[in-house]
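Results of the structural survey
Next come the chains, spelled out residue by residue.
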Amino acid sequence: MAQWDGLRQLPAVYRQQLLELYDRDALPMDVRHYLSVWIEKQEWERAARDHDLAVVLLQVLLENLDIQHSRFVQEESFLLQHNIRRYKQNFQRYLEDPCALASTILWFLEKEKEILQGAELAEKVQLLHVEQEAMETSSQQDLVRKMAGLRNEVQCLEHTMICLEEQQDEFDFKYQTHKMEVVADEAVKNAQIRVLQSLVNRLNECRKSTLTDLNKLLDRAEDLIGILVKKELVDWQRRQQKACIGAPDDVCLDQLEKWFTCVAVCLFQVREFLSKLEELVGKVSYDNDPVKAQKPALQRRADTLLKDLLKSSFVVETQPSMPQGKGPLVLRTNVQFSVKTRLLVKFPELNHVMKVNVSMEREAPQVKGYRRFNVLGTKTKALNMAESQSGGMVADFRHLTLKEQKSGGGNKGVSDIPLTVTEELHIIHFNTVFELKGLSVELQASSLPVVIISNSSQQQSAWASILWFNMLSQDTKDVMFFANSGAASWPQFGEMLSWQFQSATKRGLNDAQLEMIAHRLFGKQLNYDTCKVAWSKFSKENTPDTFWVWFDGILVMVKTYLEDMWRDGLIMGFVSKGKEKSLLKRKRRGTFLLRFSESVIGGITFSWVENTVTGQPYVNTVQPFTKVDLIQIPFHEIIRNFQILEAENIPENPLVYLYPDIPKEEAFGKYYSEKSGEQNGSLHPLDSSLDSPLETYHPDPMLSAAVEATQEDLLMYLNNPNLYPDSSIFEDEPGLPDLSLQEFNCLPPQSCGNIFQ
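Predicted, not measured: the structure shown is a model, and the values here were computed from it. (Residues numbered from 1 in each chain as written. Predicted model: local features only at pLDDT ≥ 70, side-chain atom pairs only at ≥ 80, totals over all residues. Heavy atoms only, no water.)

1. Some points on the overall build of the protein
Check the secondary structure of the protein and you find 23 helices and 21 strands. For the protein, the proportion of its 757 residues judged to be buried stands at 48%. The long-range fraction of contacts in the protein, counting pairs at least 24 apart against all pairs at least 6 apart in sequence, stands at 72%. Carbon and sulfur atoms make up 49% of the accessible area of the protein, which totals about 37,300 Å². (Helix = DSSP H or I, 4+ residues; strand = E, 2+ residues; numbered from the N terminus. Buried < 20%, exposed > 50% of the residue type's maximum accessible area, 1.4 Å probe, protein only. Contact = heavy atoms within 4.5 Å. Areas by Shrake-Rupley, 256 points an atom, 1.4 Å probe, with all protein chains shown as cover.)

2. What about the packing of aromatic side chains?
Counting across every chain of the model gives 40 aromatic pairs. Here Trp548 and Phe551 contribute two aromatic rings whose centre-to-centre distance is 6.2 Å and whose plane-to-plane angle is 25°, an arrangement assigned as stacked. Residue Trp548 and its partner Phe551 are located together in helix α17 (residues 547-567), separated by three residues, close to a single helical turn. Looking at Arg520, its charged tip hangs above the ring of Trp550, at a distance of 3.9 Å from the centre. The positively charged end of Arg588 is found above the aromatic ring belonging to Tyr657, 3.6 Å away from the centroid. (Phe/Tyr/Trp six-rings, centres within 6.5 Å; stacked < 30°, edge-to-face > 60°. Lys NZ or Arg CZ within 6 Å of the ring centre and 35° of its normal.)

3. Some remarks on the pairing of strand β7 (residues 393-404)
For strand β3 (residues 337-343) and β7, the ladder comprises six bridges, and the chain directions are antiparallel. Directly across from Lys340, in β7, lies its bridge partner Asp396. Of the pairings in the sheet, the one linking strand β5 (residues 373-377) to β7 comprises five bridges and is antiparallel in character. Among the inter-strand pairings, Asn374 is bridged to a residue of β7, identified as Lys403. (Pairing = 2+ DSSP bridges.)

4. Quick word on the environment of Arg145
Mapped onto the elements of the fold, Arg145 is located in helix α9 (residues 138-180). The class of Arg145 is partly exposed, set by a relative accessible area of 23%. Separated by 132 residues in sequence, Arg145 and Val13 have C-alpha atoms that sit 6.6 Å apart.

5. Regarding the pairing of strand β13 (residues 591-596)
Along β13, six of the six residues are buried, which leaves the element largely enclosed by surrounding structure. Burial along β13 is two-sided: Thr591, Leu593 and Arg595 and Phe592, Leu594 and Phe596, pointing in opposite directions, are all buried. Pairing between β13 and strand β18 (residues 657-658): two bridges, direction parallel. Paired with Thr591 across the bridge in β18 is Tyr657. As judged from the five bridges shared by β13 and strand β14 (residues 604-611), these two strands associate in the antiparallel manner. Paired with Phe592 across the two strands is Trp608, which belongs to β14.

6. Overview of the sheet that holds strand β1 (residues 314-321)
On the basis of which strands lie adjacent, the open sheet formed by four strands has the order β1-β3-β7-β5 and antiparallel pairing. Every interior strand has two partners, whereas the edge strands, β1 and β5, have only one. Across the sheet, the mean angle separating the axes of adjacent strands is 35° when strand polarity is ignored. (Axes fitted to C-alpha atoms, helices over the stretch in contact; angles between N-to-C directions.)

7. Some words on the pattern of salt bridges
Scanning all chains against the criterion turns up 42 salt bridges. The residue Lys231 makes a salt bridge to Asp235 at a minimum N-O spacing of 3.1 Å. With Lys231 and Asp235 both in helix α10 (residues 186-244) and four residues apart, the pair spans about one turn of that helix. Across the pair Asp249 and Lys242 runs a salt bridge, and its minimum N-O distance is 3.4 Å. Residue classification places Asp249 among the partly exposed positions, given a relative accessible area of 24%. One network of salt bridges, in which partners are shared, links Asp142, Arg145, Lys146 and Asp223. (Salt bridge = Lys/Arg side-chain N within 4 Å of Asp/Glu carboxyl O.)

8. A word on the sheet that holds β13
Strand order in the open sheet formed by five strands is β15-β14-β13-β18-β19, with mixed pairing between adjacent strands. On the outer flanks of this sheet lie β15 (617-621) and β19 (662-663), each paired with one strand and no other. Along the sheet, α17 contacts β13 and β14; its crossing angle with β13, the most-contacted strand, is approximately 145°. Its contacts with the sheet put helix α18 (residues 577-584) on β13, β14 and β15, and the angle it makes with β13 is roughly 165°.

9. Overview of helix α14 (residues 490-505)
With 16 residues, α14 should reach 22 Å at 1.5 Å per residue; the first-to-last C-alpha distance of 22 Å fits that figure. Within the span of α14, buried status applies to Trp490, Phe493, Gly494, Met496, Leu497, Ser498, Trp499, Gln500, Phe501, Ala504 and Thr505. (Expected span 1.5 Å × (residues − 1).)

10. Focus on the state of the cysteines
As used in these notes, a disulfide is a covalent bond between sulfur atoms, one from each of two cysteines. With the rule as written, the count across this model stands at zero disulfides. For the unlinked cysteine Cys163, the closest cysteine sulfur is that of Cys206, found at 7.1 Å. On the basis of relative accessibility, which here comes to 21%, the residue Cys163 falls in the partly exposed class. (Disulfide = S-S within 2.5 Å.)

11. A closer look at unusual backbone geometry
Between Tyr659 and the following residue, Pro660, the backbone shows a cis peptide bond with an omega angle of 5°. Its place among the elements puts Pro660 in the loop between β18 and β19. Unlike most non-glycine residues, Leu329 shows phi in positive territory, near 80°. One non-glycine residue, Lys437, adopts positive backbone phi at about 50°. By the element assignment, Lys437 lies in the loop between β8 (428-436) and β9 (439-446). On the basis of relative accessible area, Lys437 is assigned to the partly exposed category, the value being 46%.

12. A few points about the nonpolar core
With 163 residues, the main nonpolar core has Phe493, Phe538, Phe606, Phe635 and Phe668 as its most contacted residues. The greatest single-element share of this core, amounting to 17 residues, is contributed by α10. When neighbours within four sequence positions are excluded, Phe635 is seen to be in contact with Leu562, Met565, Leu594, Ile604, Phe606, Phe625 and Leu630. If you look at the next biggest cluster of nonpolar residues, it comprises 38 residues, including Tyr14, Leu65, Ala102 and Ala119. (Core = buried A, V, L, I, M, F, W, Y, C linked by side-chain atoms within 4.5 Å.)

13. Some remarks on the packing of α14 against α17
Axis separation between α14 and α17 bottoms out at 9 Å; the angle between their running directions is 40°. For the element pair α14 and α17, the recorded crossing hand is right-handed. Between α14 and α17, the residues in contact are Phe493, Leu497, Gln500, Phe501, Ala504 and Thr505 and Phe547, Phe551, Ile554, Leu555, Val558, Lys559, Glu563, Trp566 and Arg567, respectively. Of the residues belonging to the contact of α14 with α17, the class tally is 10 nonpolar, two polar and three charged. (Left-handed = near helix turned anticlockwise from the far one by under 90°. Nonpolar A, V, L, I, M, F, W, Y, C, P; charged D, E, K, R; others polar.)

14. Section: helix α2 (residues 12-21)
Taken residue by residue, α2 has Tyr14, Gln17, Leu18, Glu20 and Leu21 as its buried positions. All buried residues of α2 lie within an arc of 165° about the axis, which places them on one face of the element. (Arc of directions from axis to C-beta.)

15. A word on the confidence of the model for the protein
Mean pLDDT over the protein: 82, with 84% of residues reaching 70 or higher. The secondary-structure element of the protein with the lowest mean pLDDT is helix α23 (residues 711-719), recorded at 33, while β8 shows the highest, at 96. Scored below 50 in pLDDT, residues 128-135 makes 10 contacts in the model with residues more than four places away or belonging to other chains. Here residues 676-757 is a poorly scored stretch, pLDDT under 50, and it has 147 contacts once near neighbours within four places are set aside; other chains count. (pLDDT = per-residue confidence, 0-100.)

16. Considering the packing of α9 against helix α11 (residues 254-283)
It is the contact of α9 with α11, at a shortest axis distance of 11 Å, that shows an interaxial angle of 15°. When the axes of α9 and α11 are compared, the pair comes out roughly parallel. In the packing of α9 onto α11, the handedness of the crossing is left-handed. Here the contact of α9 with α11 is built from residues that sort into 15 nonpolar, three polar and five charged. (Parallel < 35°, antiparallel > 145°, perpendicular 65-115°, else oblique.)

Rendered as structure tokens:
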């Protein structure tokens, strides 16, 4: 297939590159189209070096244009007649230097090949199922197209500068020759002057055209910088905020680095073009030289754009975090933490050259009791490409610590705003200097706000602050956020809670589980979307058993002891006691489900449905198991070996089907071990008698104490279930014996290190 035909069949993004390539008069697209077959058959590379061949090709080109013009006359295509006539006049300028025309056409053909090769490579990648760079949105596709256009503009300007220099050299040579020659004949002398004037005029037009192209290129660059800095970088920063609190967002910087670097390289080339123009003006100048008039403004504009781009290119790629912390952005004094900065403008010649310095906030808020810290450790590192898997320019600080400054005397003039230690926000700053090719720019970056604690007991509360700030605030410099923090909408809040499970266990919360949590917070509502959660309700009310303490206790338990079962969807988890009862009563005897306790922090329980002698269903529930229990016996073994004494003291495991109707062995069989199976015969049945009273709870157990049901009523119910069908004793937490793990006799209690304090 002919090259031009292949280009015309490319996808839209590559055809756009072609349109941008021919967005100039050096080789009009009309000429390329109508003479495509002839153009592709000629030896332009040889003609660029062979003057005689170049002359022949130029003459044939002009003849072909005459033929096309005649055809358009016959077809009465008025506009095409006009265009072809104008193109021919433009090509006649090459009569004195036909090799330049050959070089120009050769350059266009090579650029066409690059576009074709890019399209072919993309097609091969797709066929091989290799993941392409993310082009998820039309805006990103538009950005890619604009980047390609910018690169093409720079390449064309590079070619224009070469032509401009050649034109100037030609004029300079003829002018110097004219000055040295002594011409007596006035007519000959005037003819030479006219030729020189013609050359000067051409040179002047070429300089004007070059300056116009430079202005257009800077317009393109300014548009791209606006997109990169005000949209793409801002979007990435928001994704990073959300990723810090568990969101599965992509925070890879490789694509942004390519875009930032592309624009920076182009702007540095513009500075080189301007330097070249200054050099040319130093050799040849004349009255009303456009370069002298316009070059200073172009220089200032190019430098300003480049500095703006560079100042935005220095970022914190990995936010501060401790190795054993609950999450990023919670730091503890005298405990090492790590943080990584990155320069998105990648110049290999700056590898190990730029030094990055770390410091804490210089102007802390004037708030009474607000602490100040010093950074200790290796506070200076060089940006380098060795510490990044993708080869980015990074400075990876791995051994930093914080030490609180001794408080000075006097608090005059400071605000008396009540902030707890875990509501204090602090920012870590990074500074470096970019120096390249005569340009020097100071760069600054800063971390997201961190919470600094002094002992591990504050970690849970500190993480709550980090969650709340990064869920709601997009002002990453607002260290006084908690002086007046806003409320979160339920959709925001529920999504954040789901992220906690998603990041910890790879399985988030479903709609039913979120609805139970919403019901717990707001009561029964038709729609929770307009409901708001205040900071106090999330982390302060009912201290020490706040909502966050309850939720986090469940999360820690699941992550530590139940992760596989949770990930496999075996734990319904967040389901109210009323909902649990309505679900189970519609199922056959022995159906059970697993849910988190609403009253015991970090507790999990199971309930199952039984039938009375008259066939009426009723629900039984065991008291919650906590880490004290689960550290001794795995939860799946508790489910496997659970037994109660039925009539005639016959032990029976009442757990038969996991809700909705999965046989227990099918659901949990893969977790069983041979060792535990062998011990099955030595298990002691669980006695249905009570050693402690059953606890039933207020619908919101966070807000009220437990209410005790009498042991006598309980025993009467267990021995004579028909006497108390659906008794109110079991309405909130159905009647259960206190089923202690010692009665399992599966595994002896073992001492175990505890990472939770």
